[in-house]
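Structural description and commentary
This is what each chain is made of:
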Amino acid sequence: MNGVKVQNIVASVNLFASLINLEKLAKNLDNVTYDPSRFPGACLKLKDPKVSILIFTSGKIVVSGSKTEEDMHSAIKKVKKKLRKLGVRFKKSYDAKIQNVVASGDVGFKINLNKLAFKAEDTEYNPEQFPGLVHKPSGSNLSFLLFNTGKIVCTGAKSKKEIVNGRRKLVAYLKSLGFHK
């Protein structure tokens, strides 16, 4: 058990497409919202996999909501198929870059956040505003929200492996400060 579960993957994708007519897209596809006075892209919501996709005229998209890389790639292929039916042409396959992976999990023991705020470096804690402690390990892109129950939320990763390794280091750090079972 690695102690984490991916909740959301956000990826930026270049479809290498001809220009996409977003008005045509919104008129011809279900589950698309497009209001150029509010935002320059169209938003397509897929049901399977359950993701949201921002589509821009340039042929670039942002995919969010997938819980696995496989679902992310499946969503991209479905969007390409829908766009192809609307006359959009592609110069080559797509290029997807994961920008952020959000995961939840736990460290396996309860944590006294008041004590941790005084002992740990790279933390922010204001229990009157928010019940979680924010820990941003130096030299890392990761941010952890820690709760008294031992539950955590991790953001800033590019992969699940990075989160698993970050959680392992976090647990070791907490134990080195005297927090453990």
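Refer to the structure printed above.
Reading the values: the criteria
Residues numbered from 1 in each chain as written. Predicted model: local features only at pLDDT ≥ 70, side-chain atom pairs only at ≥ 80, totals over all residues. Heavy atoms only, no water. Salt bridge = Lys/Arg side-chain N within 4 Å of Asp/Glu carboxyl O. Buried < 20%, exposed > 50% of the residue type's maximum accessible area, 1.4 Å probe, protein only. Pairing = 2+ DSSP bridges. Helix = DSSP H or I, 4+ residues; strand = E, 2+ residues; numbered from the N terminus. Core = buried A, V, L, I, M, F, W, Y, C linked by side-chain atoms within 4.5 Å. Contact = heavy atoms within 4.5 Å.

Structural notes on the pattern of salt bridges
- The tally for this structure, following the rule as stated, stands at one salt bridge.
- The residue Asp 95 makes a salt bridge to Lys 97 at a minimum N-O spacing of 2.9 Å.
- Take Lys 97: its relative accessible area is 46%, and that puts it in the partly exposed class.

Topic: the pairing of strand β10 (residues 151–157)
- Inspection of the sheet shows strand β6 (residues 95–106) paired to β10 by five bridges, in the antiparallel sense. Counterpart to Gly 105 in the pairing with β10 is Ile 152.
- As defined by bridge partners, strand β9 (residues 143–146) adjoins β10 across four bridges and the pair is classed as antiparallel. Each residue of the ladder has a partner; that of Ser 143, found in β10, is Thr 155.
- Hairpin geometry of β9 and β10 is characterised by an intervening segment of four residues between the two adjacent antiparallel strands and by a positive phi of about 95° at Gly 150.

Thoughts on the nonpolar core
- Residues Leu 116 and Leu 146 are the most contacted members of the largest nonpolar core, which totals 51 residues.
- When sequence neighbours within four positions are dropped, the list of residues in contact with Leu 116 reads Ile 111, Leu 133, Leu 146, Leu 174, Leu 177 and Phe 179.

Focus: unusual backbone geometry
- Cis geometry is found at the peptide bond from Asp 48 to Pro 49, where omega equals 0°.
- By the secondary structure assignment, Pro 49 is in the loop between β3 (42–47) and β4 (50–55).
- Phi at Phe 16 takes a positive value of approximately 50°, unusual for a residue other than glycine.
- Notably, Asp 122 is not glycine yet its phi reads approximately 60°, a positive angle.
- In this fold, Asp 122 is placed in the loop between α3 (113–119) and β7 (123–124).
- The exposure class assigned to Asp 122 is partly exposed, which follows from its relative accessible area of 36%.

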